[in-house]
Amino acid sequence: MKSMISDSATHMLSTIFLVLCSILCCSARDSITPNGFLFYDGGETLVSANQTFELGFFSPNNGKFNDGKKFIGIWYYGLKERTVVWVANRANPLPDGNGGAFVIAEDGNLKLVNRSGSAYWFTELGSSSSMGRVAKLMDSGNFVLSDSRSGEILWESFKNPTDTFLPGMIMDGRLSLTSWLSSVDPAPGIYTFKQDDDEGQYIILKDSFIKYWRSEESEGVRSAVTELLSNFSKTSRSTFVRSPYTVVCGRLVGISVLANLNNPFMCKCLPGFKPNSPERWSNGDFSDGCSRKTILCGETFLMLKMIKVRRYDFELLGKDESECRRECLKTCQCQAYAGIGKIQRVRDSFPLKCWIWSEDLGSLHEDNTNGYNLYNLSLRVAKSDIESTVRNCETCGTNSIPYPLSTGLNCGDPMYFRFRCDNVTDQVWFNAANVSYRVTNIDPESLKFLIQVNGIDNCEARNSQDEKTLQLNPPFKIA
């Protein structure tokens, strides 16, 4: 992306580059004018009126990883570690040693030029006059090019963001945020956050067209996103609703990561699935998601009750549950289905219909609060991954029961026959003396399971009073 400014402006730049900073650039200012350029030589910057934001030339990590290439950016003023919120020439850095200036050119556009006048970035407003134009850094972080005579805003960084959403921006279908290529390279990366106009949701695209994340997959994350955006702006095209859920699994990706909305510290792979990165998973990083243990086009389905899942791929009217199952079995692409008899929606009824998911389900959410739009989902799995053996008991809803834990006389170790599966709610319970506790997570690798205990503040209780409260006997102990 290059253009040329006029010969007179080039001559002017060549002359001014030789002028000492002490003459032109000693006092802090917040604006650029046709006669007041911002030069790379000397390290001058613009600072907003209340010293909130700063604009200037920068090189990420002092140029150690990008050959000293220079960018024009905006960052928070006065922070020890520079936090960049906007970059102009992210796709076309200024080479080291070429000098540079940020100017309002004779055609009225903002331009980043090198010493010879070649433009590395410009605002593309078309040719006009620079007379009366001023570009000002606001305390909001917005960089605004306007006509000082009419007050008309001609261009602003808030409508041309990079990777950061700031208060005052309007999140509509025209705005998108694109990640940096890396932490030291502000070039456009592979992830883009935007509004999905077709579905009224927010999405993250990978490589421009792959749907990496949908807000509807995670009510918790969607709540955080919509609350963030609604705190800053609202438009007639968007309705933001505060959700009671919390963010539960950080960046939720991959097929069949299950989050429990009532337990913000727990995610798990469904029966028949395994973590893509066991080491990260064990350290509490669930971002790599889960994948199937067995790639098989079988006829076995795992029933998951009270599940939130992304929007279905196909809706079939006039089909009951059994017909929906038959439709799903017609193709190996079918991942899951839910029939009208398999959906819970408080105080509502629906005509006969069913839903099919033909693509990866993404992140699932278990919610036992009788909330809205909860599916009883039939997930396609390999029979060998979920069937009961002498060592492992049958799955209980979304819970695997690994050896030696036992929910019956014909599986597991008899010493561990202290568990039961509630077939109505698909929840696992642990029996301790005369009290039962709900099991929220079972980790076969660490040989630990988590229970929900009321009245004990410390979930990792270790003292004798807690053991007395729980009344645990060997082989069980508090970890």
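Everything here concerns the structure above.
What counts and what doesn't
Residues numbered from 1 in each chain as written. Predicted model: local features only at pLDDT ≥ 70, side-chain atom pairs only at ≥ 80, totals over all residues. Heavy atoms only, no water. Helix = DSSP H or I, 4+ residues; strand = E, 2+ residues; numbered from the N terminus. Areas by Shrake-Rupley, 256 points an atom, 1.4 Å probe, with all protein chains shown as cover. Contact = heavy atoms within 4.5 Å. Polar contact = N/O pair within 3.5 Å; in protein donor to acceptor, adjacent residues only side chain to side chain. Phe/Tyr/Trp six-rings, centres within 6.5 Å; stacked < 30°, edge-to-face > 60°. Buried < 20%, exposed > 50% of the residue type's maximum accessible area, 1.4 Å probe, protein only. Lys NZ or Arg CZ within 6 Å of the ring centre and 35° of its normal. Salt bridge = Lys/Arg side-chain N within 4 Å of Asp/Glu carboxyl O. Pairing = 2+ DSSP bridges. Axes fitted to C-alpha atoms, helices over the stretch in contact; angles between N-to-C directions. Disulfide = S-S within 2.5 Å. Core = buried A, V, L, I, M, F, W, Y, C linked by side-chain atoms within 4.5 Å.

K.L.:
Hey, could you run me through the overall build of the protein chain in this one?
P.N.:
Tallying secondary structure elements over the protein chain gives seven helices and 33 strands in all. Just so you have it, the protein chain exposes about 24,800 Å², and 49% of that area is on carbon and sulfur atoms.

K.L.:
Would you mind showing me how to read the environment of Arg 90 here?
P.N.:
Checked against the element boundaries, Arg 90 lands in the loop between β6 (84-87) and β7 (101-104). For the pair formed by Arg 90 and Ala 187, sequence separation is 97 residues and the distance between their alpha carbons is 4.7 Å. In contact with Arg 90, other than residues within four places in its own chain, are Phe 71, Thr 162, Asp 163, Thr 178, Ser 179, Trp 180, Pro 186, Ala 187, Pro 188 and Gly 189. A polar contact is formed between the side chain of Arg 90 and the backbone oxygen of Thr 178, at a distance of 3.1 Å.

K.L.:
Before we go on, may I ask you to explain the packing of aromatic side chains in this structure?
P.N.:
The geometry of an aromatic ring pair is captured by the separation of the ring centres together with the interplanar angle, meaning the angle of the planes. Overall, the coordinates contain 18 aromatic pairs when judged by the stated rule. Ring centres of Phe 430 and Phe 449 lie 5.1 Å apart, and the angle between their planes is 55°; this geometry places the pair in the tilted category. Here Phe 430 is found in strand β31 (residues 427-432), whereas its partner Phe 449 is found in strand β33 (residues 448-452), with 19 residues between them in sequence. Take Phe 449: its relative accessible area is 22%, and that puts it in the partly exposed class. In this structure, Arg 82 is placed above the aromatic ring of Trp 75, and the distance from its NZ or CZ to the ring centre is 4.3 Å. Lying across the ring of Phe 122, Lys 111 places its NZ or CZ 6.0 Å from the centre.

K.L.:
Which parts of the structure should I look at to understand the pattern of salt bridges?
P.N.:
Opposite charge on two side chains makes pairing possible when the charged atoms of those side chains draw close. The final tally for this structure, using the stated rule, is nine salt bridges. Note that Lys 70 and Asp 96 form a salt bridge whose closest N and O atoms lie 3.1 Å from each other. Residue Lys 70 is located in the loop between β4 (53-58) and β5 (71-76), and its partner Asp 96 is located in the loop between β6 and β7; the two are separated by 26 residues in the primary sequence. Exposure remark for Lys 70: the relative accessible area of 10% places this residue in the buried category. Owing to a relative accessible area of 46%, Asp 96 belongs among the partly exposed residues under this scheme. Taking the shortest distance from any N to any O, the salt bridge between Glu 327 and Lys 330 comes out at 3.1 Å. When its relative accessible area of 63% is taken as the criterion, Lys 330 is described as exposed.

K.L.:
I would appreciate a short explanation of the sheet that holds β33 in the present structure.
P.N.:
Backbone-to-backbone hydrogen bonds pair the strands of a sheet. The strands run either parallel or antiparallel. Strands sit in the order β30-β31-β32-β33 across an open sheet of four strands; the sheet is antiparallel. Each having just a single partner strand, β30 (419-422) and β33 make up the two edges of the open sheet. The mean inter-strand angle of the sheet, taken between neighbouring strand axes irrespective of direction, is 45°. In the sheet, β30 pairs with β31 via four bridges, with the strands oriented antiparallel. The partner of Cys 421 across the bridge, within β31, is Val 428.

K.L.:
Teacher, can you tell me more about the state of the cysteines here?
P.N.:
When the sulfur atoms of two cysteines share a covalent bond, that bond is a disulfide. One pass over the full model with this rule turns up four disulfides. Sulfur-sulfur distance for the disulfide between Cys 396 and Cys 421 comes to 2.1 Å. Around the S-S axis, the bridge from Cys 396 to Cys 421 shows a dihedral of about 85° and counts as right-handed. Of this pair, Cys 396 sits in strand β28 (residues 393-396) while Cys 421 sits in strand β30, and the two are 25 residues apart along the sequence. Judged by its relative accessible area of 25%, Cys 421 is partly exposed.

K.L.:
Sorry if this is basic, but what is going on with the sheet that holds strand β9 (residues 119-122) here?
P.N.:
The four strands are arranged β2-β7-β8-β9 in an open sheet whose pairing can be described as antiparallel. With one partner strand each, in any of the chains shown, β2 (38-39) and β9 form the two edges of the open sheet. By the bridge criterion, three bridges tie strand β8 (residues 110-113) to β9 in an arrangement that is antiparallel. The partner of Val 113 across the bridge, within β9, is Ala 119.

K.L.:
Mind showing me how you'd approach the nonpolar core here?
P.N.:
Taken as a class, soluble globular proteins show a tendency for nonpolar side chains to be buried jointly. Ranked by internal contacts, the top residues of the largest apolar core, which has 34 residues, are Leu 55, Phe 102, Leu 110 and Phe 143. With three residues, β4 is the single largest residue contributor to this core. Those residues in contact with Leu 110 that lie beyond four places of it in its chain are Phe 102, Val 103, Ile 104, Trp 121, Phe 122, Thr 123, Ala 135, Phe 143, Leu 145 and Trp 155. The next biggest cluster of nonpolar side chains, apart from the first, holds 23 residues, and it includes Trp 281, Tyr 312, Ala 336 and Leu 377.

K.L.:
What's the story with the side chain of Asn 399 in this structure? I'm lost.
P.N.:
On the secondary structure map, Asn 399 appears in strand β29 (residues 399-401). When neighbours within four sequence positions are excluded, Asn 399 is seen to be in contact with Lys 268, Pro 271, Asp 426 and Val 428.

K.L.:
Mind showing me how you'd approach unusual backbone geometry here?
P.N.:
Keep in mind that most residues, glycine aside, have a negative phi and that most peptide bonds are trans. A positive phi angle, close to 55°, is found at Gln 51, a residue other than glycine. Position of Gln 51 among the secondary structure elements: in the loop between β3 (46-47) and β4. Non-glycine residue Asp 426 carries a positive phi angle of around 60°. One can find Asp 426 in the loop between β30 and β31.

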